[in-house]
Amino acid sequence: MALTPEDLKAAEIDVAVCGVPWDSTAGGRSGTNHGPMVIRSCDYKGGYGPRPHFSLDTHVDAFAELNMCDYGDSPIMLGNTPGTFEEIRKFVGTIVDSGAIPIIMGGDHAITWPAATAVADHYGYGKVGIVHFDAHADTGTDMPGSLASHGTPMRKLIESGAVPGKNFVQVGLRGYWPDQETLDWMDEQEMRTHFMAEINHRGFYEVLERAVDEALDQADYLYLSLDIDVADPAFAPGTGTPEPGADQRRCAHRSAAPLRGGRRGRRGRGGGLPAL
Ligand SMILES: [Mn+2]
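Residues numbered from 1 in each chain as written. Predicted model: local features only at pLDDT ≥ 70, side-chain atom pairs only at ≥ 80, totals over all residues. Heavy atoms only, no water.

**Here's the deal with the side chain of Asn167**
Okay, step 1: Turning to its location among the elements, Asn167 is positioned in the loop between helix 6 (153-159) and strand 7 (168-173).
Okay, step 2: A relative accessible area of 1% means that Asn167 is categorised as buried.
Okay, step 3: Residues within four places of Asn167 in sequence aside, it is in contact with Val128, Gly129, Ile130, Glu214, Ala215, Leu216, Asp217 and Ala219. (Helix = DSSP H or I, 4+ residues; strand = E, 2+ residues; numbered from the N terminus. Buried < 20%, exposed > 50% of the residue type's maximum accessible area, 1.4 Å probe, protein only. Contact = heavy atoms within 4.5 Å.)

Right, dumping it as structure tokens:
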């Protein structure tokens, strides 16, 4: 546990896990404000003592390779979306300014607007690409009438200049939204979209390799954004906006593959990404 920015620096923290317990900008079913607490509670020790961290998927013990900590949760201002988003931006900014990589547990997806803005504040507007795993584009203008919502954050990041449209790559879109007008806007921004239909046709890893290359086309840093509804609701029903049709059943799990990219070839099968 690290409590202050000084703690992050003193412990030379590489990765700071943190929470944003906010769901006041979600439509559909609420409850994602419980997300950080519930995810943490899954890490119980049981009756077996300290758990080993060596992963058979990656052949890496992440805790041996990286200094990691829990940095707690972002401040939330009840009933105050602009105030909360400013707090989130400052909170995430504190982590990146310390030199650590933030892993942020939401919270509804609207928090990506202030969180990714904080990363761009640090590394520079135009220097950060995003691979966004989601059933939905989240590129609406407003929802309904409110600029901050779980349906709009990706448009705001592009409109503000924090992330260039051509470095904004979406993976897993399906269902019945957005409409043609919004899809046309996305094309105008040169956003790159890999629909679930393409994943089914080409296979997940081929699409993923392409998505990472596109996000880093003239950008130096990568932000990964994962909406759990990219997974089929048959396997991950705990979402406000379930969207059937993710035939890649473990899409959410596989979405972590870019994190393992740096380990490619290390005792891996054939030097490729590990089979899942
Ligand atoms: Mn979604």
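**Quick look at the sheet that holds strand 5 (residues 101-106)**
Okay, step 1: The strand order across the open sheet formed by 3 strands is 4-1-5, and the pairing between neighbours is parallel. The strands lining the two open edges of the sheet, one partner per strand, are strand 4 (68-73) and strand 5. Sheet twist, expressed as the average angle between the axes of neighbouring strands with direction ignored, equals 25°.
Okay, step 2: Note that strand 1 (residues 15-20) and strand 4 share 4 bridges and pair parallel. Directly across from Val17, in strand 4, lies its bridge partner Asp70. (Pairing = 2+ DSSP bridges. Axes fitted to C-alpha atoms, helices over the stretch in contact; angles between N-to-C directions.)

**Let's talk about the packing of helix 4 (residues 81-97) against helix 5 (residues 112-123)**
Okay, step 1: Running from amino to carboxyl end, helix 4 crosses helix 5 at an angle of 40°, the nearest separation of the two axes being 8 Å. Taken together, the axis directions place helix 4 and helix 5 in an arrangement best described as oblique. In the crossing of helix 4 with helix 5, the sense of the turn from one axis to the other is right-handed. Here helix 4 contributes Phe85, Ile88, Arg89, Val92, Gly93, Val96 and Asp97 to the contact with helix 5, which in turn contributes Trp113, Pro114, Ala115, Thr117, Ala118, Val119, Asp121 and His122. (Parallel < 35°, antiparallel > 145°, perpendicular 65-115°, else oblique. Left-handed = near helix turned anticlockwise from the far one by under 90°.)

**Looking at the nonpolar core**
One recurring pattern in soluble globular proteins: nonpolar side chains tend to sit buried together.
Okay, step 1: Of all hydrophobic cores here, the largest spans 38 residues; its most connected members are Leu8, Ala16, Tyr71, Ile95, Leu157 and Phe168.
Okay, step 2: Those elements that place two or more of their residues in this core are strand 1, strand 4, helix 4, helix 5, strand 6 (128-133), helix 6, strand 7 and helix 7 (180-188).
Okay, step 3: Tallying contributions element by element places helix 4 first for this core, with 6 residues.
Okay, step 4: Leu8 has contacts with Ala2, Ile13, Ala16, Cys69, Tyr71, Thr94, Ile95 and Ser98, leaving out every residue within four places of it along the chain.
Okay, step 5: Ranked by size, the runner-up nonpolar core spans 14 residues in total, among them Val131, Val171, Val212 and Ala246. (Core = buried A, V, L, I, M, F, W, Y, C linked by side-chain atoms within 4.5 Å.)

**Some details on the side chain of Lys156**
Okay, step 1: Tracing the backbone through its elements, the reader meets Lys156 in helix 6.
Okay, step 2: Ignoring any residue separated from it by four or fewer positions in sequence, one finds Lys156 in contact with Trp113, Thr141 and Leu147.

**Examining unusual backbone geometry**
Okay, step 1: Of the consecutive residues Gly106 and Gly107, the connecting peptide bond is found in the cis state with omega at 10°.
Okay, step 2: Inspection of the secondary structure assignment puts Gly107 in the loop between strand 5 and helix 5.
Okay, step 3: Across the junction of Trp177 and Pro178, the peptide omega takes the value 10°, indicating a cis bond.
Okay, step 4: Phi is positive for Glu190, close to 65°, though the residue is something other than glycine.
Okay, step 5: Position of Glu190 relative to the elements: it lies in the loop between helix 7 and strand 8 (192-195).

**Overview of the coordination of the manganese ion**
Okay, step 1: Within the protein, the atoms that donate to the manganese ion are Asp134 (OD), His136 (ND1), Asp227 (OD), Asp229 (OD) and Asp229 (OD), at distances of 2.1 to 2.7 Å.
Okay, step 2: Every donor residue of the manganese ion comes from the same chain, spaced as D-x1-H-x90-D-x1-D. One end of the pair, His136, is in the loop between strand 6 and helix 6; the other, Asp227, is in the loop between strand 9 (221-226) and helix 10 (251-254), and 91 residues separate them in sequence. (Donors = N, O, S within 2.8 Å, 3.2 Å for Na, K, Ca; no water.)

**Considering helix 5**
Okay, step 1: Taking 1.5 Å of rise per residue, 12 residues should cover 16 Å, and helix 5 covers 16 Å from first to last C-alpha, within 8% of that figure.
Okay, step 2: In this fold, the buried residues of helix 5 make contact with helix 4, strand 5, strand 6, helix 6 and strand 9.
Okay, step 3: With its phi angle positive at about 110°, Gly124 sits one or two positions after the end of helix 5. (Expected span 1.5 Å × (residues − 1).)

**Here we look at the pattern of salt bridges**
Okay, step 1: What the rule picks out here adds up to 10 salt bridges.
Okay, step 2: Across the pair Glu159 and Arg155 runs a salt bridge whose closest N-O atoms are separated by 3.9 Å. In this pair, Glu159 and Arg155 are both assigned in helix 6, 4 residues apart and thus about one turn of the helix distant.
Okay, step 3: With a closest N to O distance of 3.0 Å, Glu198 and Arg202 form a salt bridge. On the criterion of helical spacing, the pair formed by Glu198 and Arg202 is a turn pair, its members being 4 residues apart in helix 8 (residues 196-202). (Salt bridge = Lys/Arg side-chain N within 4 Å of Asp/Glu carboxyl O.)

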